[in-house]
Amino acid sequence: MILHNMNFDVNNIIIRQLTIHDVASLLTLEKKAWPLDVQASEEILYDRISTFKEGAFGAFLDDLMIGAATSQIIRYHDNEMLRSWESLTKRGWISKTHDSGGNCIHFVSVGIHPQYRNYSIAKQLNEARLQLAKNLNLDYALTDTRLPGLKQFLSEDSSRDASTYIEKIIEGKIIEPVVSMYLHLGFHPLGLIFNCMNSDIESLSFGLAMLKNIG
Ligand SMILES: CC(C)(COP(=O)(O)OP(=O)(O)OC[C@H]1O[C@@H](n2cnc3c(N)ncnc32)[C@H](O)[C@@H]1OP(=O)(O)O)[C@@H](O)C(=O)NCCC(=O)NCCS
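In short, a report on the structure.

Basis of the calculations
Residues numbered from 1 in each chain as written. Predicted model: local features only at pLDDT ≥ 70, side-chain atom pairs only at ≥ 80, totals over all residues. Near = placed C-beta within 6 Å. Helix = DSSP H or I, 4+ residues; strand = E, 2+ residues; numbered from the N terminus. Nonpolar A, V, L, I, M, F, W, Y, C, P; charged D, E, K, R; others polar. Core = buried A, V, L, I, M, F, W, Y, C linked by C-beta atoms within 7 Å. Buried ≥ 20, exposed ≤ 12 C-beta atoms within 10 Å, placed from the backbone. Contact = placed C-beta atoms within 7 Å. Pairing = 2+ DSSP bridges. Right-handed = clockwise from strand over helix to strand, strands pointing away. Axes fitted to C-alpha atoms, helices over the stretch in contact; angles between N-to-C directions. Parallel < 35°, antiparallel > 145°, perpendicular 65-115°, else oblique. Left-handed = near helix turned anticlockwise from the far one by under 90°.

So, on to the site of the ligand. Around the ligand, a shell composed of 22 residues is seen, among which Arg 117, Ala 122, Pro 177, Met 181 and His 184 lie nearest. With 5 residues, the top contributor of residues to the shell around the ligand is helix H7 (residues 177-184). Here the residues of the shell around the ligand are counted per class, giving 12 nonpolar, 6 polar and 4 charged.

In this structure, Leu 26, Phe 57, Ala 68, Ile 121, Leu 125 and Val 179 are the most contacted members of the largest nonpolar core, which totals 53 residues. Discounting residues that sit within four places of it in the chain, Leu 26 has contacts with Leu 18, Leu 45, Met 65 and Ala 68.

Once that is clear, we can look at the pairing of strand S5 (residues 140-146). Buried residues dominate S5, accounting for 6 of its 7 residues. Where strand S4 (residues 104-112) meets S5, 4 bridges bridge the pair, whose relative direction is parallel. Looking at the pairing, Phe 107 lines up with Thr 143 of S5. Between S4 and its parallel partner S5, the chain crosses via helix H4 (residues 121-135), and the hand of that crossover is right-handed.

This brings us to the sheet that holds strand S7 (residues 207-213). Across the sheet, 7 strands lie side by side as S1-S2-S3-S4-S5-S7-S6; this open sheet has mixed pairing. Each of the sheet's edge strands pairs with one partner strand only, and the pair in question is strand S1 (13-17) and strand S6 (188-193). Within this sheet the neighbouring strands show an average axis-to-axis angle of 25°, counted without direction. Against the sheet, H4 contacts S1, strand S2 (57-61), strand S3 (64-74), S4 and S5, and its axis sits at roughly 160° relative to S4.

Take the packing of helix H1 (residues 23-33) against helix H2 (residues 42-51) next. Remark: H1 packs on H2, axes separated minimally by 10 Å, with the N-to-C direction vectors making an angle of 125°. Here H1 is positioned oblique relative to H2, judged by the angle of their axes. Classified by chirality, the crossing of H2 by H1 is right-handed. Contacts between H1 and H2 involve Val 23, Leu 26, Leu 27 and Glu 30 from the former and Glu 42, Leu 45, Tyr 46 and Ile 49 from the latter. Among the residues making up the contact of H1 with H2, the classes are represented as 6 nonpolar, no polar and 2 charged.

Rendered as structure tokens:
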């Protein structure tokens, strides 16, 4: 992969919806952006785009894909039990779970090439997904985030638990990319989910369900 000079101009980044012709680039990005244990296969990426391409957005610098996000629509009820990412997506295969008649956009994935992080690219992709949800008159946006700093946090002190980790992020005492990103977008935490994504070693399989009311 050709890497660009880091003095790139963020104004040259283009955000657009993806098509099945983007699957090869998406796979290349997937291998750069995600730890090995949580990477999706080419077949799963194809499944996501062919199922709901309107909810799949890419960030491009010239022709290079440097970030991408995928989504599905689900039915969400206020008082429903928290559900894991694995159950909401049937382990990533959204053709089995996407419900075009639903009321909630579910954020399936967002990943940015490591060399292009902290330039608000994920923010732009998330805003594109929220705008789509608005255009579709959906009521909610739901995400069940990874907690990539959790394993390290717990290993430093045996009296700590996952709830303490979330509290410290909310208090701004821990610098953390994923939950912070959704808090900044107006999502609020619903609760911790164990076995959210079983293969996610950094997060010890925990996730945090977060919701935003649209509109
Ligand atoms: C999480 C991830 C998508 C963030 O991408 P990014 O483009 O660097 O994020 P942005 O620059 O758009 O930042 C979005 C918000 O999160 C916050 N944020 C991002 N990285 C942060 C960090 N390392 N520490 C603290 N806050 C951070 C920023 O403050 C920003 O909020 P603001 O713009 O309102 O100030 C990226 O780190 C990534 O690809 N991680 C690996 C894949 C992954 O775990 N995805 C999340 C799945 S749930």
